[in-house]
Amino acid sequence: MPTTRPTTRKLSELLDPKFMARLDSLDLLSRKILQGKLQGERRSKRRGRSVEFADHRPYVVGDDLRFVDWNIYGRLEQLFLKLFLEEQDLTVHLLVDASASMGMGEPAKGFFAKRLAAALGYVTLANNNRLTISLFGDGIRAQLPNMRGRNYLPQMAEMLLATECDGLSDFEKACRDVETGRIGSGVTIVISDFFFKQGYESALRQLIGARYDLYVIQILSPQEISPELAGDLKLLDIEDADAAEITVSSALIKYYKRNLAAYCDELRNFCTNRGAVYVQANSADSVETLVLNYLRRIQLLR
Amino acid sequence: MEFLTPMIGLYAAAAAVPMLLLLYFLKLKRREVLVSSTLLWKRAVQDLQVNAPFQKLRRNLLLLLQLLALAAILLALTGPMLALRRGPGQRYVLLIDRSASMNATDVKPTRLDVAKKQAKAFVESMRGSSALSWRDQSDHAMVIAFDRRAGVVCSFTSDKRQLMTRIDAIEPGDGGSRLVEAVTVARAFAQSTGVEVAGGTSGKSAQLILFSDGRIADLDGVVVAADELVFHRIGDAGDNVGITAMSARRSYERPEEVEVFAAIENFGSEPVTRDVQLSISGNVHAVRSVTVPACEKETEDRPFRPGQTALNWSLSHGEAGVLQVRQLGADALACDDAAWSVLDPPRRLSILLVTQGNPVLESALKACPIATLDPCTPAGFDALDPVAFAARQQYDVVVLDNHVPAHLPPCRYLIFGSPPAGIDVNSPRGLENQLVVDWRAQHPVLQYVNLTNLFAARSYRLELPRDAEVLAEFNESPAVALLHRRDGTFLLVGFDVLQSNWPFEPSFVLFCYNALSYLGAQAGGQHQRERAVGEPITVENVSGGAVVTVICPSGARVDVKADPGGVVRFPGTHRVGVYAVETADQPRQFHAVNLLDSQESRIEPRSQIELSGVTIAAQEQEVQRANVPLWPLLTLAALMFVCIEWLAYNLKMRI
């Protein structure tokens, strides 16, 4: 009891209990797994695990007859194959940007990202999927690999809350590290603002693969979407202290917004062209709406 | 081009130009703001710069403009001057009437203030020298204020501010109005400032602008061309009641009694009833209510006559004092509502008789109302110190009986017999058996004196100077003559009374009585104490170099220094009232200054004035500001434009 109470409080800082209750009914989906896998061809690499029944699939000519569920045939006179839990074993990699740029914004993008990561992590762990959560800045700053089960929820919450958004961002290095440690199949979700001066393309390319779905969630703060600046300013980049001297005028703001839209569109096109899914979120929006409505719509969650 | 203050410009340039350059090339202090990433901002700035290629040029253009503006200011500071020939424009002479009638309050506050206001409006509307046009000619004006005399208030100048200040400083006065002197002075000044153009003085003669009510006494003597004089009439109404004559005399027989005479005139068209008050030394003695009839307007048959009422008082006042006759009741002109007269204390004469013994003369003199008769021997008279005698003023009249004195102290003399030396009268020889053939019976000395039977067995032939008055004549020479000299007044009788039959005539006593009265009145000098406005006050017999204080009716004290001859002259009698003269050793003397001018009391303004040969009508409109300079408005508009431009610039910079 004494150990659970402080950690329960910590998770509740990220997700309130009502939201958690609704998350309980959700599950993650991986399209790659549901599509076109010949039944039975995949052998479980894990020996010694019990095979648990998970789901049914309609019989197609050529499937292995050993896995036909005869009870359903007896009842419905239709052939269905049994799908086993091992085959549904998703590995979810959450890559959360914890660089200094995520700490900006009102409300802070970083906190939004952590809440979103906590929600997705909760769904993953609640459904006994494998979760690896990585917070990156300049490379991977913190990582909890291969968590499975609800027991890991407090640890996840603690890591998320303890890590401050700080430091430079080296996205490429982080993606490389994640990719090398990636096993099995599943879903990779990257949560960031994607303001990478070195570019994101080569990094994201590494994350794209045959076995993992890639979901790109870009979080922007309202101040970045519609800046309210005025006068002669010297803008300092929070990460590398790069300075930009501007004299705010309506023309400048117009160009900025245009550039922002172009940047996001470019990212969206990159993702779409490579079969990844792009989601843009505003840190002023509610995490609940994003998770419960939008992510279900795009079939990340079910 | 000349530079009045070049060094100031150089110093300012040394300070200002580097500062301006520094401001431009120093980095602008910018506010630092943290952003998540400058990635997109930099792209936006690049886009902006690419799409606005004139940004840099604009910055340099602004710098250039500001440098030019700075250069213009610095150049202005060095005081550049362009020397051009510039002639005067139209010249005006403003004649402002400051006589007594201009103190009338029928136009508020007084007519003189309204005249000054109109004159100032005229000055403002003169064409001034414009800084933007080089060859333009500005108008010059001159201001002369006149009452009985003309005084130049401001000579020809185009400096409007100086003209206005001097016009404001014109003081009202109570004098009469005379225009001839003012026009003469104006013409004299107008001639002398002409720029010499080939062939003569500058062509245009000055135009005379007259601000007056038209009540000027000597208009006939003013000669002007028809369009040379412009007359602005000041004033509306003509109703006025004033005192136009006053005199106060002590009776000779009974010096304690005083007879006061005053005439009060009504210039309005309705009869008025006023209370007239007589007061002595501040105490009211009598108040009388009189009704003054209305005036008779001017028609073709008869001239203008004001309604007049005369007043008499007899009172007894045994001391010196100041008599004031005042008309109670307010009217437009206040300075003619009172008149003053200074009363000497009653005195009987004291006579010094220089004779070797003449009982006839003595008894005749004693019959006259005199205070003292002191007989004196001729030797005793010669032994007197003339300076001490004059200073003591112990005797009013000195009677010389057949004595030619060694020196004549200043006094009044009744001389029987041979005339004294030193008064321009010669007596070459004697005459015999002279009979009076003619005498001037109207003269005060010979009033009621009948000289028909006067026969002198022996007399002196008198050769008199030209200014002597001959009162009676023998057939060959003047018998009685009156002479005024600096040393005094001399009544000469050219024969010894004991050599004639005069003592048997009753006219002898009458003659002595009249002579003493006449000479004694001269001694009293009462008429010298009453003056018209503008006449100077003279006080004699003051020790030379002493300082006397004159107290004006307004209370101001003026110190005047006596000249070496012992005479004090105070010319500043511009207002009516009683002036007091204080000296160190003499008691306070009072001098009355009165207006007593029927011309001035008639305040009705004239709508046209008739100068000699020319009639000039008054201007219909008041002088109003004609030329309004527009440059202040334009400068204000320019300032507003600059402010709007600054606002627009700032707005463009914001979102």
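Residues numbered from 1 in each chain as written. Chains lettered and ligands numbered in written order. Predicted model: local features only at pLDDT ≥ 70, side-chain atom pairs only at ≥ 80, totals over all residues. Heavy atoms only, no water.

A. Expanded view of the interface of chain B and chain A. Every contact between the two is made by 25 residues of chain B and, on the other side, 35 residues of chain A. One can count one salt bridge joining chain B with chain A. Where chain B packs against chain A, one counts 13 residue pairs in polar contact (both at pLDDT 80 or more). Looking at the side of chain B that touches chain A element by element, the count peaks at 10 residues for helix α2 (residues 39–51) of chain B. Across the side of chain B that touches chain A, the residue classes break down as 12 nonpolar, four polar and nine charged. As defined by bridge partners, strand β8 (residues 232–237) of chain A adjoins strand β2 (residues 31–35) of chain B across five bridges and the pair is classed as parallel. Along β2 of chain B, the bridge assignment pairs K234 of chain A with E32 of chain B. (Contact = heavy atoms within 4.5 Å. Salt bridge = Lys/Arg side-chain N within 4 Å of Asp/Glu carboxyl O. Polar contact = N/O pair within 3.5 Å; in protein donor to acceptor, adjacent residues only side chain to side chain. Helix = DSSP H or I, 4+ residues; strand = E, 2+ residues; numbered from the N terminus. Nonpolar A, V, L, I, M, F, W, Y, C, P; charged D, E, K, R; others polar. Pairing = 2+ DSSP bridges.)

B. Up close: the sheet that holds strand β15 (residues 338–343) of chain B. All names here are of chain B. With respect to topology, four strands assemble into an open sheet ordered β12-β11-β14-β15, the strand pairing being antiparallel. With one partner strand each, in any of the chains shown, β12 (283–292) and β15 form the two edges of the open sheet. Each neighbouring strand pair of the sheet contributes to a mean axis angle of 15°, computed without reference to strand direction. With six bridges joining them, strand β11 (residues 272–280) and strand β14 (residues 321–328) adopt antiparallel strand pairing. Looking across to β14, one finds that I280 is bridged to L323. (Axes fitted to C-alpha atoms, helices over the stretch in contact; angles between N-to-C directions.)

C. The pairing of β11 of chain B, seen in detail. Residue and element names in this part refer to chain B. β11 sits mainly inside the fold: seven of its nine residues count as buried. As defined by bridge partners, β11 adjoins β12 across nine bridges and the pair is classed as antiparallel. The residue bridging D275 from the neighbouring strand is S289, located in β12. Count of turn residues in the β11/β12 antiparallel hairpin: two residues, of which S281 carries a positive phi of about 50°. (Buried < 20%, exposed > 50% of the residue type's maximum accessible area, 1.4 Å probe, protein only.)

D. How the structure looks around the environment of G105 of chain A. Residue and element names in this part refer to chain A. Mapping G105 onto the fold places it in the loop between β3 (91–97) and α5 (109–126). Considering only alpha carbons, one finds G105 and E224, 119 residues apart in sequence, at a separation of 7.6 Å. With residues up to four places along the chain from it excluded, the contact list for G105 reads S221 and Q223.

E. How the structure looks around the packing of helix α2 (residues 17–24) of chain A against α5 of chain A. Residue and element names in this part refer to chain A. With their axes 9 Å apart at the nearest point, α2 and α5 run at an angle of 45° to one another. For the element pair α2 / α5, the angle class is oblique. The interaxial crossing formed by α2 with α5 has right-handed handedness. Counted together, F19, M20, L23 and D24 of α2 and A119, Y122, V123 and A126 of α5 form the full contact between these two elements. A class-by-class count of the residues in the contact of α2 with α5 yields seven nonpolar, no polar and one charged. (Parallel < 35°, antiparallel > 145°, perpendicular 65-115°, else oblique. Left-handed = near helix turned anticlockwise from the far one by under 90°.)

Taken by themselves, the reported measurements are silent on function.
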